[in-house]
Every structure is written in structure tokens, then in C-alpha cells.
Amino acid sequence: MRATTANQRRLHADIQRLLATLMLRDISDPRLQGVSITRVEPSKGHHTLNVWVHRFNEEDVKGCMAGLERMKPHFEHELRRAMPRCRIPAIHFAWDKAFDDSGRVLQLLKDLERP
């Protein structure tokens, strides 16, 4: 896999910022309240953008992902409108499990501190 250039990293940061703004401004679906975009990375072939999301209240992950999939055409349209000179690949939403794992590691460390 090729390394991402500084311009590509800047583009991904811009896309992450625009998506976060769109989520705050345009979403009224209660399933998507409190969803955060944790990172944006290209796929191996650079044909899609993997948008990693997480929400601290994990009671309905499937509903949250379904809501994001439903909003995907709107997000892609708004990104293309905001960045007309850039080729915006298709978006793929994925749940970021790293936050869940980090919470477990922190809990294990706290348990070790107790006498």
C-alpha cells in the first residue's frame, strides 16, 4: 500500500471536518445523536474512504450504522458540492472499536492499581 502524502492527509482532515459539520447541522435522527467521526482513511485501492465513527452510548450500534448508511448520499453530495475540484471517493462507514478496547485497557490498569 502506498503511503499517503501530506496533501492526501490534509484532504482527509478536511473531509472529516466537513462530515462532522454536516452531522451537527443536518441530522435530526435520534439514533445518530452523539456520533463522532474518529478518523478518515482511504481504502487499499483508494476507491473508497473509510469513515470510522463511534458513540459513547452504544445501545443501538446497528441502528446508528443504518442511519449513517441512509444519510450517505446526502453526505457524498454535500462533500462534492463543498469540494468541487476534488475527486471524492465513495464513503464507507465503519464502527471504531478502538475506543471500546481502550476503555477495557484503562479499566484493567485501574484494577491493577487497587491494593
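Scroll up to find the structure this text is about.
These numbers come from a predicted model, not from an experiment. (Residues numbered from 1 in each chain as written. Predicted model: local features only at pLDDT ≥ 70, side-chain atom pairs only at ≥ 80, totals over all residues. Heavy atoms only, no water.)

S.K.: Describe the sheet that holds strand β3 (residues 90-95), with residues and values.
M.R.: With mixed pairing, the three strands of this open sheet are ordered in space as β1-β2-β3. In this open sheet, the two strands that pair with only one neighbour each are β1 (36-42) and β3. Strand-to-strand twist of the sheet, defined as the mean angle between neighbouring strand axes without regard to direction, takes the value 25 degrees. When β1 meets strand β2 (residues 48-54), the two strands line up antiparallel, connected through six bridges. Note on β2: the bridge partner recorded for E41 is N50. Here helix α1 (residues 6-26) sits on the sheet in contact with β1, β2 and β3, set at roughly 145 degrees to β1. Of the strands in this sheet, β2 and β3 are in contact with helix α2 (residues 61-82), which crosses β3 at around 155 degrees. (Pairing = 2+ DSSP bridges. Helix = DSSP H or I, 4+ residues; strand = E, 2+ residues; numbered from the N terminus. Axes fitted to C-alpha atoms, helices over the stretch in contact; angles between N-to-C directions. Contact = heavy atoms within 4.5 Å.)

S.K.: An account of the nonpolar core is requested, with residue identities and associated values reported.
M.R.: Within the largest apolar cluster, 23 residues are counted, with the highest numbers of intra-cluster contacts made by I15, L19, V51, V53, L68, F75 and F93. Listing elements by their share of this core, those giving two or more residues are α1, β1, β2, α2 and β3. Among the elements that take part in this core, α2 stands out by supplying six residues, more than any other. Dropping the residues within four chain positions of it, I15 is found in contact with V40, L49, L79, M83 and I88. (Core = buried A, V, L, I, M, F, W, Y, C linked by side-chain atoms within 4.5 Å. Buried < 20%, exposed > 50% of the residue type's maximum accessible area, 1.4 Å probe, protein only.)

S.K.: Could you give me a rundown of the environment of E59, with the residues and numbers involved?
M.R.: With respect to the secondary-structure elements, E59 resides in the loop between β2 and α2. With a relative accessible area of 68%, E59 lands in the exposed category. Here the alpha-carbon distance between E59 and R31, two residues 28 residues apart in the chain, equals 9.7 Å.

S.K.: Mind laying out the side chain of K72, listing which residues take part and the relevant values?
M.R.: Note that K72 resides in helix α2. With near-sequence residues (within four places) excluded, K72 lies in contact with I91 and F93.

S.K.: Tell me about the side chain of R55, and name the residues and values.
M.R.: If you trace the backbone, R55 turns up in the loop between β2 and α2. One buried charged side chain, R55, makes no salt bridge at all; its nearest oppositely charged neighbour is D60, positioned 5.6 Å away. Excluding residues within four positions of it along the chain, R55 makes contact with P30, R31, L32, Q33, G34, V35, D60, C64 and W95. (Lys, Arg positive; Asp, Glu negative; His and termini not counted. Salt bridge = Lys/Arg side-chain N within 4 Å of Asp/Glu carboxyl O.)

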